[in-house]
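Here are the chains, one letter per residue:
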Amino acid sequence: MRRRLPALALAFGIVLAVLAAGPALASSYRYWSFWDGAGGKWAYATVGPSLARPADGSVQGLRFSVSKDAAAESARPRSAADFTAVCGATPAAEGRKRVALVIDFGLPADAAAGEAPPQPEPRTACAQVAPEATTAEALASVAKPLRYNSAALLCAISGYPKQGCGEPLPDAPDSQDSPAAAAPPKSDDGGGPSAGLLAGIAAVAALSTAAIWQSRRRAR
């Protein structure tokens with residue numbers, strides 16, 4: 001047990017260092033998030049557009065933004081999830097289903113350098129597709145061209161953006177709340193190690209030293 005104390009203290013200190021450095025390493029992403037709509041509200045989708053098979057009368061939303069890949073922190077589409085508003089003028093057809101799509105190209109602050117959203121407000125479209133069609137197929141019927149990466153991640157809708165696909169960015173506030181969210185935070189010390197990381201390293205040294213001293217004291 002005495003021999004294990006220094007190792008345990010060191011491991012504990014490393015954990016503290018990682019936790020302290022966590023905020024500095026956390027990232028946001030510039031990507032298209034996918035949403036299920038019901039009752040005028042949006043819920044973060046649990047599968048991607050290529051796997052989702054919405055029923056007739058469904059509402060699906062997509063939002064391009066700089067945000068975290070998490071339901072509570074991603075930017076939602078800025079239009080309501082309202083099937084009637086999107087597909088009310090499209091009559092039902094036998095052997096087809098109607099899927100209301102809300103495509104939100106995001107804010108100018110969401111765009112990468114040299115690009116801009118193709119329109120300021122969300123675009124809506126009523127896709128009328130085969131009953132077994134996926135959301136990706138419904139989207140392709142109204143918003144080509146689509147672009148995917150080698151991992152089948154949706155990278156662009158209607159050709160936007162022209163480049164990039166879910167690249168990690170320095171941690172920033174959610175663009176849904178701040179139009180300046182795409183700007184990376186500035187370092188106070190010219191890019192040196194963060195205060196959290198330094199505190200974690202100090203914790204490693206202090207705990208290791210204390211554990212070794214205690215072990216030797218008990219061995220006397």
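Quick look at the structure, then. Note that this is a predicted model, so its numbers are computed, not measured.

Thoughts on the pairing of strand 3 (residues 58-67)
With ten of its ten residues buried, strand 3 lies for the most part within the structure. In strand 3, alternate side chains face the same way, and those of Ser-58, Gln-60, Leu-62, Phe-64 and Val-66 on one face and Val-59, Gly-61, Arg-63, Ser-65 and Ser-67 on the other are all buried. Of the pairings in the sheet, the one linking strand 3 to strand 4 (residues 97-104) comprises six bridges and is parallel in character. What sits directly across from Leu-62, in strand 4, is Ile-103.

Points about the pattern of salt bridges
Within this structure, the stated rule accounts for three salt bridges. The salt bridge partner of Asp-110 is Arg-63, with a shortest N-O separation of 3.8 Å. Within this pair, whereas Asp-110 is found in the loop between strand 4 and strand 5 (123-129), its partner Arg-63 is found in strand 3, the two being separated by 47 residues in sequence. What makes Asp-110 buried here is its relative accessible area of 0%. Between Asp-104 and Arg-78 there is a salt bridge, with its nearest N and O atoms 2.8 Å apart. Residue Asp-104 is found in strand 4, and its partner Arg-78 is found in the loop between strand 3 and helix 2 (83-87); the two are separated by 26 residues along the sequence.

Some thoughts on the state of the cysteines
If you walk through the whole model with that rule in mind, you get two disulfides. A disulfide bridge connects Cys-87 with Cys-126, and the sulfur atoms are separated by 2.1 Å. Between Cys-87 and Cys-126 the disulfide shows an S-S torsion of about 110°. By sign, it is right-handed. Separated by 39 residues along the polypeptide, Cys-87 in helix 2 and Cys-126 in strand 5 bring together distant segments of the chain. Taking the relative accessible area as the measure of exposure, Cys-87 reaches 0% and is therefore buried. Within the chain, bonded cysteines paired by disulfides and numbered along the sequence follow the pattern 1-2, 3-4.

Examining helix 3 (residues 135-142)
What helix 3 keeps buried is the set Thr-135, Ala-136, Ala-138 and Leu-139. Seen along its axis, helix 3 keeps its buried residues to an arc of 160°; they face one direction. Along its buried surface, helix 3 packs onto strand 1 (27-38), strand 3, strand 4, strand 5, strand 6 (147-148) and strand 7 (154-156).

Thoughts on the nonpolar core
In this structure, Trp-32, Leu-62, Leu-101, Ile-103, Leu-139, Ile-157 and Tyr-160 are the most contacted members of the largest nonpolar core, which totals 20 residues. Looking at this core, the elements with two or more residues in it are strand 1, strand 3, strand 4, strand 5 and helix 3. Trp-35, Cys-87, Ala-100 and Val-102 belong to the second largest nonpolar core, which has nine residues in total.

Topic: the side chain of Gln-60
Mapped onto the elements of the fold, Gln-60 is located in strand 3. A distance of 2.6 Å separates a polar atom in the side chain of Gln-60 from a polar atom in the side chain of Thr-135. Those residues in contact with Gln-60, other than ones at most four positions away along the chain, are Phe-34, Trp-35, Asp-36, Trp-42, Ala-52, Pro-54, Val-99, Ala-100, Leu-101, Val-102 and Thr-135.

The rules behind each value
Residues numbered from 1 in each chain as written. Predicted model: local features only at pLDDT ≥ 70, side-chain atom pairs only at ≥ 80, totals over all residues. Heavy atoms only, no water. Buried < 20%, exposed > 50% of the residue type's maximum accessible area, 1.4 Å probe, protein only. Helix = DSSP H or I, 4+ residues; strand = E, 2+ residues; numbered from the N terminus. Pairing = 2+ DSSP bridges. Salt bridge = Lys/Arg side-chain N within 4 Å of Asp/Glu carboxyl O. Disulfide = S-S within 2.5 Å. Arc of directions from axis to C-beta. Contact = heavy atoms within 4.5 Å. Core = buried A, V, L, I, M, F, W, Y, C linked by side-chain atoms within 4.5 Å. Polar contact = N/O pair within 3.5 Å; in protein donor to acceptor, adjacent residues only side chain to side chain.

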